[in-house]
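Chain and residue survey
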Amino acid sequence: MLLVKTLRSSTFRLALIAIAAFGLIVAAIMAYVYFGTIAYVKSRVGDAGDHRGFTAMIELAMAAVAVLMLVLAGLAAVLVTRRTVGRIEEINATSRAIMMSGLDQRIPLRGSHDEWDRVAENLNQMLDRIETLMGEVKQVSDNVAHDLRTPLTRMRGRLEKAYHASRNGEADAALIGDTIADLDAVLGMFASITRISEIETRARRSAFRTLNLAGIAGEVVELYDAAAEQVATRLNLGGDREVAITGDRDLLFDAIANLVDNAIKHGCKGGQVSVTCRSADGGATIAIADDGPGIPTEERDHVFKRLYRLEQSRYTPGNGLGLSLVAAVAGLHGAEIALHDNVPGLTVRLSFPKTSAQ
């Protein structure tokens, strides 16, 4: 079956064309050698002798060489084409299996480390990435369904209760207010998802300008100072006073605000949250540290995914989009984001490269 596909393949036809072209060149060279040899012999011995035996020997040798070269070229074309077609068939078979059963199939490697193995490795890595993205899409869909079910169920319950109850101005006003609050929460979640998508598509780089990162951090600390006092948390700003950076002020403000808000909410009550800005090697860093329970090491690669929450029951307030926004803003500014143990607590560090601080 593979031999039939080999003989019918376009690669084999191209190989035959190449062999034919090569054969014509070799035939021309052999004809030149043949007639040149005959002419040379005649010029040396003249027409006195009988050259038929010598000519026949030359012709036989050249015919044998031509046949041998033709056979070897044909055999090489078949073997090379068969190998190529075989690897292509493996890729096709895996593609069909993926279409039939799912993304768990992978193209087998032969261990030859040739270009075909490299192609297979790249395709397998692409399939791994697609499978990961599909899993994330499913997780996001499940999380959205879960987060929407609670406010929508509450709204329906209120409306049904109001429908069957007698009209009451104060009760109706309270119901309307609660329903609007739930709708605002739902709309806010979708607005956050849309904003993250906009940031990830690099649609906001037109607003970049030179900024003082420490100044933005100071505004965030001033904004959240009252919230920190409510839980007896000390919120302070340290580091350099002038930290130059190029970026979008509003997005950086929102990212720092999300990190500070998380540190206050999830830190230890009566503890401390510190925000530190520094210039480093032509770039800039900002670190937000708390003394709370921190994030388990095995969860740190997941917390920046959309709608991901450490609390899997998802009954506490929040939608799991804050750190996703931070990651999107960091990516837009070319910054690296890292989570470190604060012993106790967590330190979130954003490191901006030199190109962002010009």
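Our subject is the structure that appears above.
Residues numbered from 1 in each chain as written. Predicted model: local features only at pLDDT ≥ 70, side-chain atom pairs only at ≥ 80, totals over all residues. Heavy atoms only, no water.

**Looking at the environment of D128**
Spelled out, the test is: Strands here mean DSSP runs of E at least two residues long; helices mean DSSP runs of H or I at least four residues long; both are numbered from the N terminus. A 1.4 Å probe rolled over the protein chains alone gives each residue an accessible area, and that area as a share of the maximum for its type sets the label: buried under 20%, exposed over 50%, partly exposed in between.
Along the chain, D128 falls in helix α4 (residues 115–164). D128 gets classed as partly exposed once you look at its relative accessible area, which sits at 37%. Residues D128 and D104, spaced 24 residues apart in sequence, show a C-alpha to C-alpha distance of 8.6 Å.

**A look at the pattern of salt bridges**
Condition: Salt bridges are identified by distance alone: a Lys or Arg side-chain nitrogen within 4 Å of an Asp or Glu carboxyl oxygen.
This model, assessed by the stated rule, comprises 5 salt bridges. Across the salt bridge formed by R249 and E219, the nearest N and O atoms sit 2.1 Å from each other. In this pair, R249 is assigned in helix α7 (residues 249–266) and E219 in helix α6 (residues 213–230), connecting sequence segments 30 residues apart. The residue D261 makes a salt bridge to K265 at a minimum N-O spacing of 3.1 Å. Of the two residues, D261 and K265 are both situated in helix α7; the distance of 4 residues between them amounts to about one turn of the helix.

**Looking at a nonpolar patch on the surface**
Note the threshold: To count toward a patch, a residue needs a relative accessible area over 30% and no salt bridge; like charges are then connected within 9 Å, while nonpolar side chains (Val, Leu, Ile, Met, Phe, Trp, Tyr) are connected within 5 Å. Accessibility throughout is a Shrake-Rupley quantity obtained with a 1.4 Å probe, and a residue counts as covered only by protein chains that appear here.
A contiguous nonpolar surface patch, about 450 Å² in accessible area, is contributed by I25, I29, Y32 and V33. Relative to the helices and strands, Y32 is located in helix α2 (residues 10–45).

**A closer look at the sheet that holds strand β6 (residues 336–341)**
Just so we agree on the cut-off: Two strands are said to pair when DSSP picks up at least two bridges between them. The angle between two axes is taken between their N-to-C directions and runs from 0 to 180 degrees, where each axis is a line fitted to C-alpha atoms and a helix contributes only its stretch in contact. Contacts are assigned to residue pairs that have any heavy atoms within 4.5 Å of one another.
Read from one edge to the other, the open sheet built from 5 strands follows the order β2-β4-β5-β7-β6, with strand pairing classed as mixed. Strands with a single pairing partner mark the edges of an open sheet, and in this sheet they are β2 (234–239) and β6. Strand-to-strand twist across the sheet, computed as the mean angle between neighbouring axes with direction ignored, equals 15°. Pairing analysis gives 6 bridges linking β2 to strand β4 (residues 272–280), with the strands arranged parallel. Bridging from a neighbouring strand, G239 pairs with C277 of β4. Against the sheet, α7 makes contact with β2, β4, β5 (283–289) and β7 (346–352), and its axis sits at roughly 25° relative to β5, the strand it touches most.

**Quick notes on the nonpolar core**
Spelled out, the test is: Residues enter a nonpolar core if they are buried and are Ala, Val, Leu, Ile, Met, Phe, Trp, Tyr or Cys, with the set joined through side-chain atoms within 4.5 Å.
Counting 52 residues, the largest nonpolar core has L213, L235, V260, V275, I286, I288 and F352 as its most contacted members. Among the elements of the structure, α5 (169–200), α6, α7, β4, β5, α8 (322–332) and β7 are those that each provide at least two residues to this core. Of all the elements, α7 adds the most residues to this core, at 10 residues. If we ignore the near neighbours within four places in the chain, the residues touching I286 are L213, A217, I256, V275, T276, C277, V348, R349, L350 and F352. Ranked by size, the runner-up nonpolar core spans 6 residues in total, among them V26, M30, I58 and M62.

**Points about the environment of N262**
Checked against the element boundaries, N262 lands in helix α7. Taking the C-alpha atoms as reference, N262 lies 8.9 Å from L323; in sequence the two are 61 residues apart. N262 has contacts with G267 and L323, leaving out every residue within four places of it along the chain.

**Some thoughts on α6**
Inclusion rule: Take the residue count of a helix, subtract one, and multiply by 1.5 Å to get its expected span. Across the chain, bend at a residue is computed as the angle between axes fitted to the seven residues ending at that point and the seven starting from it. Any pair of nitrogen or oxygen atoms within 3.5 Å is treated as a polar contact; in protein, a donor-acceptor pairing is required on top of that, and neighbouring residues in sequence qualify only through side-chain atoms on both sides.
For α6, built from 18 residues, the straight-helix expectation of 26 Å at 1.5 Å per residue is met to within 8% by its first-to-last C-alpha distance of 26 Å. The principal kink in α6, of about 45°, is found at Y224. Along α6, the positions that sit buried rather than exposed are L213, A214, I216, A217, V220, V221, Y224 and A228. Measuring from the side-chain oxygen of the N-cap residue of α6 to the backbone nitrogen of A214 gives 3.2 Å; that N-cap residue is N212. Positive backbone phi, approximately 60°, marks A232, located one or two places after α6.

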